[in-house]
Amino acid sequence: MRRAALRVFYLALLPVLVLFALVLAPVVVASRLASRGRVWRPETWKKVSYGSRYFRSSFRGRFGEMVDVIDLLRDRLILLFALLGAVCLLGGLVVHLLDVGVPSWAAAWPEGSIASFVASDLAWFPAGGRLSFGGGAALVLVGCVALALLVLGISLYAWLAFALGEATRVIVRYGGAATLFPDPGDAIPGGRLVLCQISDLHITANGREPYEIEEGSAAWPEGVARPDTAELTGRLRRLVAEIAAMKPPLVALTGDMTDLGEAAQWEELEAALSGIPASSQVLMVPGNHDIAINVGTSPDPYLTKRAEREQRFIDVLTRVERGPFQPPLHLPARRRARRRLRAIAGLYPRRLELEGGIRIFGLNSNRYRSRFVGSNAIGQIGGSQLRRLARALRRGSGPVVVLLHHHVARLAGPISLNDTFMIAMDGPRLLEMLAAYQQKNPRKNSALVIHGHKHLAFFGHYRSKSGGRVSVYAHPSSTLGHETDGHLDGVARFAAIRLTDEGIWRVETHPLRPARAAAGATPAAVEAAVS
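How each quantity is defined
Residues numbered from 1 in each chain as written. Predicted model: local features only at pLDDT ≥ 70, side-chain atom pairs only at ≥ 80, totals over all residues. Heavy atoms only, no water. Pairing = 2+ DSSP bridges. Helix = DSSP H or I, 4+ residues; strand = E, 2+ residues; numbered from the N terminus. Patch = residues over 30% accessible without salt bridge, like charges linked within 9 Å, V, L, I, M, F, W, Y side chains within 5 Å. Areas by Shrake-Rupley, 256 points an atom, 1.4 Å probe, with all protein chains shown as cover. Salt bridge = Lys/Arg side-chain N within 4 Å of Asp/Glu carboxyl O. Lys, Arg positive; Asp, Glu negative; His and termini not counted. Charge placed at Lys NZ, Arg CZ, Asp CG, Glu CD. Buried < 20%, exposed > 50% of the residue type's maximum accessible area, 1.4 Å probe, protein only. Axes fitted to C-alpha atoms, helices over the stretch in contact; angles between N-to-C directions. Phe/Tyr/Trp six-rings, centres within 6.5 Å; stacked < 30°, edge-to-face > 60°. Contact = heavy atoms within 4.5 Å. Parallel < 35°, antiparallel > 145°, perpendicular 65-115°, else oblique. Left-handed = near helix turned anticlockwise from the far one by under 90°. Nonpolar A, V, L, I, M, F, W, Y, C, P; charged D, E, K, R; others polar. Core = buried A, V, L, I, M, F, W, Y, C linked by side-chain atoms within 4.5 Å. Arc of directions from axis to C-beta. Expected span 1.5 Å × (residues − 1).

Some points on the pairing of strand β1 (residues 179-182)
Step number 1: Bridge count between β1 and strand β8 (residues 410-411): two bridges; the pairing is parallel. Residue pairing for β8: Leu180 is matched across the bridge by Leu411.
Step number 2: The pairing of β1 with strand β10 (residues 458-463) spans two bridges and is classified as antiparallel. Each residue of the ladder has a partner; that of Pro182, found in β10, is Gly460.

Given below as C-alpha cells:
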C-alpha cells in the first residue's frame, strides 16, 4: 500500500512542479531585478547547469534505449513491417466481412474541419456509410501508430516522474542526515601511527586532465598549470615516497583512484603505487569515479559499463592489495554483466586486524545503481553489508577504523542542494552502529570513520542520542587539493591517522607544496584552513 501511494505521489509530482515553476519564475525574475543580479552567484549557476546536464543526459539515456531496440531489430525490420502490414490487411478484412459501419458521431465529427477533407478524399469515413476494406486497414494502421506514440509518451512521463521522485527522496533523506560538529582540540598531533590515507587521486591517462576540471576549469587555481597525466602521477609518486619514509602499518586508498575507471588509468595508478614499501599493507575501497561514474555524454542505463569497471577494479585489487584481509579475493569466472555486478558485493566489508588489536574495515559505498549522470555520486552502503559489519563488530572489541568513499553525514550549517548527492543514504545507520559499539566501552572501543569523495578536509564528531561518539575525518583530493566554495587549492597532501594511549584519534595532514604561492599562501596557512 505504501509503495503504491509513493508511485501515485511520483506521478503527480511533475504537474505540481510545473505549476510551481510557473509561479516561481516571475518571483525569481523580480528578485533578480530588485537586487541588480546579486542573487545569481556563480555557485547558483553551477547548480542550475548541473541539473540541466542531469536531465539532458537522462533523456539521452532514454532515447539511447530506443536506439538500442532499433539496433536489435535492424535485421528484422522487414519482418516487422511485413507483420504490421499483415495486421492492417487482417483488420481491413475483418471490417469488410463484419460490415462495420461508422458511428454517427464519428461521421459528423470531421465536418467543418480539415479532417473532413482528408476523410472524404481518402474515403476513410464515408458519411453514414460502411468502412471499405482499405479504410479498415488504414484505421488499424492509425490505431497502431497512435498506440505506440501513447505508450512512448506515457513511458517518458512516468520515467521523468519517478526520476523527480527519486531526487526528492534523496533530498529528504539528506535533510534527515546526521550532522557533524568540529572539535579543533582533536587536531593536536600525537599518538602511534595507525595508517596513512590518500584519496581522490583522479589519475588519468594519455595526457588528459581530470574530467571535472575539463568540465569546469574555473575550479582550478588561477595561474597554476592544470594537471594532466604526468602531473597527477608525479604528485602521487611524491606522496608515496613521503609515505614510504614514515613506514605506516597500512596505506589506505579511499576511492576515486582513477578518473573514469578505464584500463589505461588503472595501469598508471599501479605503476605510481609501486613505491609503497613491502612492510606496509594496502587497502583499497572503490569510489564512484572508479566503478559508478557516468559522464554527461555517455549514460549507462543498462549498467554494462559499470559491470566492466567493477571487473577491472577487482582485477587491480588482486594485484595491489596486501595483507591477510577477509573475505579472500576471488575473480568472478562468469562474464554476464548482472553476475559481475554481484561479484563485488561479496568482497566487502574487508576486514584486517593490526598490531594492538586495532580492527580495520573497508566498505563499498557504491551500492546505489546509478544509470545517469545526475545520480552517479549518490552513496549507499546497503543493508547486507551493514549487517555483515555488525556481526564482525560483535565478535571483538578495541579501536575500530571504517574506511569508505562517500560522506556519512553533513556538516553543521545550511543545506546545500549539491551536497544532497554526496552523502551515503544509509550513513546514519553506520554512525549509529559505531556509536552503539563505542558506548559499550567508551575508553577501549574508540571508533573512527575516514573517507574522501567531496575534496573537502574536515575532522568532526557524531554523537548519538544515547551518548555514543564517533570521530569522522574527510580527506580532500590528494592530488587536486582542498575545495572551498567550488575552488580547489591545488595542494597535494596525504593524511596520517594516529591513536593516543587514551583512545583518542588524531589526524595529521602532510602537504607536498602550496599551489598558490603567488597569492601569498604558505603551507602552514593552507593547513590551518583545512584542519
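Having seen the structure, we can now continue with the description.
Concerning a positive patch on the surface
Step number 1: Positive charge collects at one region of the surface, where Arg387, Arg391, Arg394, Arg395, Arg429 and Lys440 lie side by side.
Step number 2: Taken together, the elements giving at least two residues each to the positive patch come down to α13 (383-394) and α14 (427-440).
Step number 3: In terms of residue count, α13 provides more of the positive patch than any other element does, three residues in total.
Step number 4: Relative to the elements of secondary structure, Lys440 occurs in helix α14.
Step number 5: The exposure class of Lys440 is exposed, given its relative accessible area of 63%.

Section: the sheet that holds strand β2 (residues 192-198)
Strands in a sheet are paired, the pairing made by backbone hydrogen bonds, and the direction either parallel or antiparallel.
Step number 1: The mixed open sheet is built from five strands, whose spatial order is β4-β3-β2-β14-β15. Only two strands of the sheet have a single neighbouring strand rather than two, namely β4 (281-285) and β15 (505-511). Sheet twist, expressed as the average angle between the axes of neighbouring strands with direction ignored, equals 25°.
Step number 2: Pairing of β2 with strand β14 (residues 493-499), which is carried by five bridges, proceeds in the antiparallel orientation. Note that in β14 the partner of Gln197 across the bridge is Ala495.

A closer look at the packing of aromatic side chains
Step number 1: Inspection of every chain in the model, using the stated rule, returns two aromatic pairs.
Step number 2: Ring geometry for Phe459 and Tyr473: centres 6.3 Å apart, planes at 80°, overall edge-to-face. Highlighted residues: Phe459 in strand β10 and Tyr473 in strand β11 (residues 469-474), separated in sequence by 14 residues. Grouping residues by exposure puts Phe459 and Tyr473 together as buried.

A closer look at the side chain of Asp426
Step number 1: Tracing the backbone through its elements, the reader meets Asp426 in the loop between β8 and α14.
Step number 2: One buried charged side chain, Asp426, makes no salt bridge at all; its nearest oppositely charged neighbour is Arg429, positioned 5.2 Å away.
Step number 3: Beyond its immediate chain neighbours, meaning those up to four positions away, Asp426 contacts Gln380, Ile381, Gly382 and Leu386.

With respect to the packing of helix α9 (residues 263-272) against helix α11 (residues 304-320)
Step number 1: Their axes nearest at 11 Å, the elements α9 and α11 cross at an angle of 15°. On the basis of their axis angle, the class for α9 and α11 is roughly parallel. Classified by chirality, the crossing of α11 by α9 is right-handed. Across from Ala263, Trp266 and Glu270 in α9, the residues of α11 making contact are Arg312, Phe313, Val316, Arg319 and Val320.
Step number 2: By residue class, the composition of the contact of α9 with α11 is five nonpolar, no polar and three charged.

Section: the nonpolar core
Step number 1: Leu236, Leu253, Leu273, Met284 and Phe313 are the most contacted members of the largest nonpolar core, which has 41 residues in total.
Step number 2: Every element with two or more residues in this core is listed here: β2, α8 (229-246), β3 (250-254), α9, β4, α11 and β14.
Step number 3: Contact partners of Met284, with chain neighbours within four places excluded, come to Leu253, Met257, Trp266, Phe313, Val316, Leu317, Val320 and Tyr348.
Step number 4: Judged by nonpolar contacts, the second largest core, of 29 residues, contains Ala392, Ala447, Val472 and Ala474.

Quick look at a nonpolar patch on the surface
Step number 1: On the surface, Phe81, Leu84, Leu141, Val145, Leu149 and Leu152 cluster together into a nonpolar patch covering about 520 Å² of accessible area.
Step number 2: Elements represented by at least two residues in the nonpolar patch include exactly α3 (77-98) and α6 (133-175).
Step number 3: For the nonpolar patch, the element with the highest residue contribution is α6, accounting for four residues.
Step number 4: Considering the arrangement of structural elements, one finds Leu84 in helix α3.
Step number 5: Exposure remark for Leu84: the relative accessible area of 32% places this residue in the partly exposed category.

As for the environment of Gly467
Step number 1: Note on placement: Gly467 falls in the loop between β10 and β11.
Step number 2: As a C-alpha pair, Gly467 and Gln438 span 29 residues in sequence and 9.4 Å in three-dimensional space.

Examining α9
Step number 1: Those residues of α9 lying buried are Gln265, Trp266, Leu269 and Ala272. Seen from one end, α9 has its buried residues packed into an arc of 125°, which puts them on one side.
Step number 2: Contacts from the buried residues of α9 go to α8, β4, α10 (288-291) and α11.

Some words on the packing of α8 against α9
Step number 1: Their axes nearest at 9 Å, the elements α8 and α9 cross at an angle of 30°. Of the possible angle classes, the one that applies to α8 and α9 is roughly parallel. Pair α8 / α9 crosses with right-handed handedness. Facing α8, whose interface residues are Thr229, Thr233, Leu236, Arg237 and Val240, α9 presents Glu268, Leu269, Ala271 and Ala272.
Step number 2: Here the residues of the contact of α8 with α9 are counted per class, giving five nonpolar, two polar and two charged.

A look at α11
Step number 1: Counted at 1.5 Å a residue, the expected span for α11 with its 17 residues is 24 Å, and the 25 Å between its end C-alpha atoms agrees.
Step number 2: Three or more residues of α11 are buried, namely Arg306, Ala307, Arg309, Glu310, Gln311, Phe313, Ile314, Val316, Leu317 and Val320.

Some points on the sheet that holds β1
Step number 1: Taking strand neighbours across the sheet as the criterion, the eight strands line up as β5-β6-β7-β9-β11-β10-β1-β8 in an open arrangement whose pairing is mixed. The outermost strands of the open sheet, each flanked by one partner alone, are β5 (350-354) and β8.
Step number 2: α13 rests against β5, β6 (358-362) and β7 (400-403) of the sheet, and its axis sits at about 170° to β6.

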